[in-house]
Amino acid sequence: MFQMGGAVAPEDQLDTTQTRTVMRRVLRMAAPFKRTAYAALGCVVVTTSATLAAPILVRHGIDAGIRAGDLFELNLSVGLYLAITALAYTFGRMQYVFLNRTGESFLRELRLKVFAAMQRQSMEFYDRNKAGVLVARMTADIETMGELIQWGLLQFLASGFLVILAFVVLFSLSWHLTLVVLIVFPVIVIASVKFQRDSNTAYLTVRERVGQNLGTLQEGIAAVRVIQAYAQEDHQIKRFERSNRSLFDSHVRSIRISTWYFGLVEFSGVIATSLVVGIGGWLVHRDTVSLGTVVAFILLLSSLFDPVQQLSQLYNGVQSAAAALHKLFAILDATPEVDEAPDAVALPSRGELAVRAVTFTYASGSSPALEGVDLVVRDGERIALVGPTGAGKSTLAKLMARLYDPTQGSVTYGGMDLRQATHASLRQRIVVVPQEGFLFNGTIRDNVRLARIESSDAEVEEALQRLGVFAHFDRLPEGLDTEVRERGTRLSAGERQLVALGRAALVDPAVLVLDEATSNLDPGTEAEVEAALEKLMQGRTTIVVAHRLTTVQRADRIVVVDKSRIAEVGTHAELVARGGKYAALARAWEKSHAV
Ligand code: ADP
């Protein structure tokens, strides 16, 4: 069956203007593939004309050949019929190839554009859009689109063309019989529209319940230890039984709808045919139409049913594809919040990093995560940010690396506002080392190289050597060429951190912004990571979101962040002597870590 685009959830419905805008944009984007699209369209015209010509040849064969007893006319009709059917078939196949080519080319382009747009987005975008949703954009939404492009647009033209042309042919053959057809036709159209609506709702219910059932399943598996510990298996089985049953119900309903619909359409077809045969036979008897005309009519009717169904279902397809596209275009159109200024220049190579009167509110946050923060970090200074969870330490660190732009105030480096700097120079001077360095599929070497893709093997090795960790990786059977994701060679948490530090060393920045891991590593690796970190920090300005007393003690100055503000600034000794928030924090640390 021709079922396009699935269903549209009500909240996804676009209004007509939006749909039109989206469609216009699709046509613009599809412009480069115009030639294949025109080729497809040409095939559509040939196929349709040939399909409709076949019954006319049959008529000629019957009237001028069989009934007139003229063997030549009969043979001619049969020969032409064969030729024209072969033509329809060939062009029909070609149409399919061209259609797919156009659609796939468009999708290739769209996927690339969306991916590129996503990669350029800043942190704010990822705060707003969860990864799962973005993946859905790339997969489900693009697929829906693909169906529209491949089937929808040209199918619409093909079906529309066929229906109109078929009626013209029918009418020219016999207006009497055309009127008969017109009695049955509305039934099919109305049934199709209604089916489309019902099946839409039924499909949405199925989709929702599949999700629910999966959710119950996942929970049941993930929580199986807890469930068994409390002997709640039966309860869980009952829960699953319920969601499984409702999924079953929705499937049955959806099947029932389509079964009845097809029954109705088929039956309408039978009625139309009987009417044409009955009334046609009577008209033949009265010599109003020829026998060939009645046969041609019956043949034409059968080629009319499919396109009518397709047309009525198309509206829904266009709607859901437009909804999907609308969301994709929103991604394409989103300008990164942290964008490069048109007149951006390179950041100075050294200088002080200054936060001035900065207030910052997350796009999704209601109250400021930072308020009126001032901090000047001297070139080469080591700063530890400490404070309770949620105080704003990470936010401050992120602003200092321009992962976000301040809502008010400014962050400058060497006297220059970070917003004025080119992205390239910014990422060269200021490097952020996250808590958990992400590892891509590939070798250790490639994973380090990621930070500066143009680096040579020697440069990667040299960077690791500077951190004193080259030997660690070199000891592995395949050394730096070890695949990080291969079974059995998965890197430990400590090793992953070493890779992350290696990346930073490769860039060789002036400023390091570190989010210290909260979890403890095993003592051996921990010492190695610390030693590497110490080497990496040599001669660089460092801002560390600190979770360990040792890190804090080694800092030149400690900045205590509390409730979105800077509460205290000073050295360890100064702040302990002051007996304020830091002193309390340090005492608590000493007790719990027993450093
Ligand atoms: P800390 O690092 O001191 O634990 P954060 O800087 O992470 O604190 O968070 C400060 C405040 O900002 C918290 O209230 C937190 O909930 C909020 N916050 C942090 N990240 C985001 C985000 N991406 N979107 C919205 N709010 C956030």
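Residues numbered from 1 in each chain as written. Predicted model: local features only at pLDDT ≥ 70, side-chain atom pairs only at ≥ 80, totals over all residues. Heavy atoms only, no water.

*Asks:* Is there a simple way to explain the overall build of the protein in this structure?
*Replies:* The helix and strand tally for the protein stands at 19 helices and 10 strands. Over its C-alpha atoms the protein spans a radius of gyration of 35 Å, topping by over 25% the 25 Å that the globule rule assigns to 595 residues. When the backbone C-alpha atoms are referred to their principal axes, the protein occupies close to 115 × 60 × 55 Å. The buried share among the 595 residues of the protein stands at 45%. Surface summary for the protein: the accessible area is close to 30200 Å², and the carbon and sulfur share equals 59%. For the protein, the centre of its 61 positive side-chain charges and the centre of its 61 negative side-chain charges are spaced 4 Å apart. (Helix = DSSP H or I, 4+ residues; strand = E, 2+ residues; numbered from the N terminus. Rg over C-alpha atoms; globule rule 2.2 N^0.38 Å. Buried < 20%, exposed > 50% of the residue type's maximum accessible area, 1.4 Å probe, protein only. Areas by Shrake-Rupley, 256 points an atom, 1.4 Å probe, with all protein chains shown as cover. Lys, Arg positive; Asp, Glu negative; His and termini not counted. Charge placed at Lys NZ, Arg CZ, Asp CG, Glu CD.)

*Asks:* Would you mind going over the environment of I227 with me for this structure?
*Replies:* The residue I227 is located in helix α7 (residues 224-229) in this model. Residue I227 is classed as buried on the basis of its relative accessible area, which comes to 10%. Look past the residues within four positions of I227 in its chain and what remains in contact with it is G220, Q232, E233 and Q236. (Contact = heavy atoms within 4.5 Å.)

*Asks:* It is not clear to me how the site of the ligand should be interpreted in this structure. Could you clarify?
*Replies:* Every one of the 13 residues lining the ligand counts as a neighbour, but G390, G392, K393, S394 and T395 are closest to it. A391 places a main-chain nitrogen or oxygen 3.1 Å from an oxygen atom of the ligand. Take S394: an N or O atom from its side chain is 2.6 Å from an oxygen atom of the ligand. It is helix α10 (residues 393-400) that contributes the most residues to the shell around the ligand, 3 residues altogether. For the shell around the ligand, the residue count by class is 5 nonpolar, 6 polar and 2 charged. (Near = heavy atom within 4 Å. Polar contact = N/O pair within 3.5 Å; in protein donor to acceptor, adjacent residues only side chain to side chain. Nonpolar A, V, L, I, M, F, W, Y, C, P; charged D, E, K, R; others polar.)

*Asks:* Would you mind going over the sheet that holds strand β7 (residues 511-515) with me for this structure?
*Replies:* One key point about sheets: their strands pair by backbone hydrogen bonds, in either a parallel or an antiparallel sense. Strand order in the open sheet formed by 6 strands is β6-β7-β8-β3-β9-β10, and the pairing between neighbours is mixed. In this open sheet, the two edge strands, each paired with only one partner strand, are β6 (430-433) and β10 (565-570). Adjacent strand axes in the sheet meet at a mean angle of 20°, parallel and antiparallel pairs treated alike. In this structure, β6 lies alongside β7, joined through 4 bridges in parallel fashion. Of the residues in β7, the one forming a bridge with V433 is L514. In the packing of helix α16 (residues 523-537) onto the sheet, contacts are made with β3 (382-386), β7 and β8 (541-545), and the angle to β7 comes to roughly 150°. (Pairing = 2+ DSSP bridges. Axes fitted to C-alpha atoms, helices over the stretch in contact; angles between N-to-C directions.)

*Asks:* Just checking my understanding: could you explain the side chain of T542 for this structure?
*Replies:* With respect to the helices and strands, the residue T542 is situated in strand β8. Residue class for T542 comes out buried when judged on its relative accessible area of 1%.

*Asks:* For this particular structure, what's the right way to read the packing of helix α13 (residues 457-466) against helix α15 (residues 493-507)?
*Replies:* Axis angle and axis distance: for two packed helices, these are the angle between their axes and the distance between the axes, and together they describe the pair. Contact geometry of α13 with α15 gives a least axis separation of 8 Å together with a crossing angle of 110°. Considering the angle they form, α13 stands roughly perpendicular to α15. Considering the relative orientation of α13 and α15, their crossing is right-handed. When α13 is examined against α15, the residues E459, V460, A463, L464 and R466 are found in contact with a partner set consisting of G502, A505 and L506. Per-class residue counts for the contact of α13 with α15 are 5 nonpolar, 1 polar and 2 charged. (Parallel < 35°, antiparallel > 145°, perpendicular 65-115°, else oblique. Left-handed = near helix turned anticlockwise from the far one by under 90°.)

*Asks:* It is not clear to me how the packing of aromatic side chains should be interpreted in this structure. Could you clarify?
*Replies:* Given two aromatic rings, their pairing is described by the distance between the two centres and the angle made by the two planes. This structure, assessed with the given rule, holds 4 aromatic pairs. Aromatic ring contacts, followed pair by pair, group F360, Y362 and Y404 into a single cluster. One residue, R93, lies across the ring of Y89, its end atom 5.6 Å from the ring centre. Cation over ring: R286 sits above W282, and NZ or CZ is 5.0 Å from the ring centre. (Phe/Tyr/Trp six-rings, centres within 6.5 Å; stacked < 30°, edge-to-face > 60°. Lys NZ or Arg CZ within 6 Å of the ring centre and 35° of its normal.)

*Asks:* Got a minute to help me understand the sheet that holds strand β4 (residues 408-413) in this structure?
*Replies:* Read across the open sheet, the 4 strands follow the order β2-β1-β4-β5; overall the sheet is antiparallel. Among the strands making up the open sheet, the edge pair consists of β2 (370-377) and β5 (416-417). Two elements, β4 and β5, share 2 bridges in a ladder whose sense is antiparallel. Its bridge partner lying in β5, Y413 is registered against M416. Along the sheet face, α10 touches β1 (353-360), β2 and β4 and points at about 55° away from the line of β2.

*Asks:* Would you take a moment to explain the nonpolar core for this structure?
*Replies:* Most often, soluble globular proteins keep nonpolar side chains buried together rather than apart. Grouped together as the largest cluster of nonpolar side chains are 35 residues, with contacts concentrated most on L347, L353, L385, L396, M400 and I430. Secondary structure elements with two or more residues in this core: β1, β2, β3, α10, β4, β7, β8 and β9 (557-562). By size, the runner-up hydrophobic cluster in this structure holds 32 residues, among which are I444, A463, V484 and A532. (Core = buried A, V, L, I, M, F, W, Y, C linked by side-chain atoms within 4.5 Å.)

*Asks:* Just checking my understanding: could you explain helix α3 (residues 71-120) for this structure?
*Replies:* Its 50 residues place the ends of α3 73 Å apart at the C-alpha level, agreeing with the 74 Å of an ideal helix rising 1.5 Å per residue. The N-capping residue of α3, defined by a side-chain oxygen 3.1 Å from the backbone nitrogen of F72, is D70. (Expected span 1.5 Å × (residues − 1).)

*Asks:* Honestly, the packing of helix α1 (residues 16-30) against α3 in this entry has me stumped. Any pointers?
*Replies:* It is the contact of α1 with α3, at a shortest axis distance of 10 Å, that shows an interaxial angle of 105°. When the axes of α1 and α3 are compared, the pair comes out roughly perpendicular. Seen from α1, the contacting residues are V26, M29 and A30; seen from α3, they are F106, L110 and K113. Each residue belonging to the contact of α1 with α3 can be placed in one class, and the counts come to 5 nonpolar, no polar and 1 charged.

*Asks:* Would you mind going over the pattern of salt bridges with me for this structure?
*Replies:* When the charged atoms of two side chains with opposite charge come close together, those side chains can pair. Following the criterion strictly, the structure yields 23 salt bridges and no others. The salt bridge partner of R452 is E459, with a shortest N-O separation of 3.7 Å. Here E459 falls in the partly exposed class, since its relative accessible area comes to 31%. The shortest N-O distance in the salt bridge between D562 and K581 comes to 3.4 Å. Here D562 is found in strand β9, whereas its partner K581 is found in helix α19 (residues 581-593), with 19 residues between them in sequence. A relative accessible area of 43% means that K581 is categorised as partly exposed. (Salt bridge = Lys/Arg side-chain N within 4 Å of Asp/Glu carboxyl O.)

*Asks:* Sorry if this is basic, but what is going on with the side chain of H472 here?
*Replies:* Along the chain, H472 falls in helix α14 (residues 470-474). Of the polar contacts made by the side chain of H472, one reaches the side chain of E495; its length is 2.8 Å. Once residues within four sequence positions are removed from consideration, H472 is found in contact with E495, L498 and E528.

*Asks:* Which parts of the structure should I look at to understand the environment of H285?
*Replies:* Checked against the element boundaries, H285 lands in helix α8 (residues 233-285). For H285, a relative accessible area of 70% puts it in the exposed group. Each C-alpha atom, one on H285 and one on D457, is 92 Å from the other, the two residues being 172 residues apart in sequence.

*Asks:* Please explain unusual backbone geometry as it appears in this structure.
*Replies:* Excluding glycine, a negative phi dihedral is what most residues carry, and trans is how most peptide bonds are arranged. A positive phi is found at A231, a non-glycine position, where the angle reads about 50°. Inspection of the secondary structure assignment puts A231 in the loop between α7 and α8. Overall, A231 belongs to the exposed group, its relative accessible area being 58%. Phi at R402 is positive, roughly 55°, even though this residue is not glycine.

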